[in-house]
Amino acid sequence: MNAPGATSGPELMLDAAESDLRVSRTVAGFVLPLGASVGRAGSAVFQAVAVLFVARLYGVPLGLAGTFQAGAAVFLASLTVASVPSASIVSLVPAFAATGLPLAGLQLLLGFDRVPDMFRTMTNVFGTLTAATVVAAVEEAKLE
């Protein structure tokens, strides 16, 4: 629950798009949620690399079937990643279970994921707000 007067992430982005970038609420309300849904590809790439890294680290041969299972689990899990810090680590559990990787590998990933996670979030927010600005300019929906 948010403290009194605090705003949530999506609400903060909507307010920034409207007040700072002068994008109409209609355009921002359409583009920002769409961008949040599409922007999950970065998490999927991170998760795929993380599975391969941990498999190599622990000496677990994945083979073709294991790689396919990990890829399917990562793809499906990336659709459910929440917009909270280190959520992509938590959603790796199905991929680790599908490939037989030890869950202890997640602890290793937690140790160095915080800074890259902030950069992924910054990139996603910047890209989504840029897309909203471009759509507003194309549609001439900027506030005067």
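You'll find the structure just up there.
All of these numbers come straight from a predicted model, not from anything done at the bench.

Thresholds applied
Residues numbered from 1 in each chain as written. Predicted model: local features only at pLDDT ≥ 70, side-chain atom pairs only at ≥ 80, totals over all residues. Heavy atoms only, no water. Phe/Tyr/Trp six-rings, centres within 6.5 Å; stacked < 30°, edge-to-face > 60°. Helix = DSSP H or I, 4+ residues; strand = E, 2+ residues; numbered from the N terminus. Buried < 20%, exposed > 50% of the residue type's maximum accessible area, 1.4 Å probe, protein only. Core = buried A, V, L, I, M, F, W, Y, C linked by side-chain atoms within 4.5 Å. Contact = heavy atoms within 4.5 Å. Expected span 1.5 Å × (residues − 1). Arc of directions from axis to C-beta.

Trainee: Would you mind showing me how to read the packing of aromatic side chains here?
Mentor: Given two aromatic rings, their pairing is described by the distance between the two centres and the angle made by the two planes. As enumerated under the stated definition, the model contains 1 aromatic pair in all. For the pair Phe53 and Phe112, a centre-to-centre distance of 6.2 Å together with 90° between the ring planes defines the contact as edge-to-face. One end of the pair, Phe53, is in helix H3 (residues 41-58); the other, Phe112, is in helix H7 (residues 104-139), with 59 residues separating them in the sequence. The exposure class of Phe112 is partly exposed, given its relative accessible area of 46%.

Trainee: Sorry, what's going on with the nonpolar core here?
Mentor: Within the largest apolar cluster, 17 residues are counted, with the highest numbers of intra-cluster contacts made by Val51, Leu92, Phe96 and Leu109. Within the residue set of this core, elements represented by two or more residues are H3, helix H4 (63-78), helix H6 (93-99) and H7. Among the elements that make up this core, the one with the highest residue count is H3 (6 residues). Apart from residues lying up to four places away in sequence, Leu109 is in contact with Ala50, Phe53, Val54, Ile89, Leu92 and Phe96. Ranked by size, the runner-up nonpolar core spans 11 residues in total, among them Leu14, Ala17, Ala28 and Val31.

Trainee: Would you explain unusual backbone geometry in this entry?
Mentor: Only a minority of non-glycine residues have a phi that is not negative, and only a minority of peptide bonds are not trans. The backbone of Arg22 sits at a positive phi, close to 60°, despite the residue not being glycine. Its place among the elements puts Arg22 in the loop between helix H1 (9-19) and helix H2 (25-38).

Trainee: Just checking my understanding: could you explain H4 for this structure?
Mentor: Within an α-helix, residues lying three or four positions from one another point in the same direction, as the helix has 3.6 residues per turn. For H4, with 16 residues, the first-to-last C-alpha span of 22 Å sits near the 22 Å given by 1.5 Å per residue. Those residues of H4 not exposed but buried are Gly66, Ala70, Ala73, Val74, Ala77 and Ser78. Considered in projection along H4, the buried side chains sweep an arc of 125° and stay on one side of the axis. Summarising the geometry of H4, the exposed residues directed more than 90 degrees from the buried face are Leu64, Ala65, Phe68, Phe75 and Leu76.

Remember that the coordinates give geometry; whether it matters functionally is a separate question.
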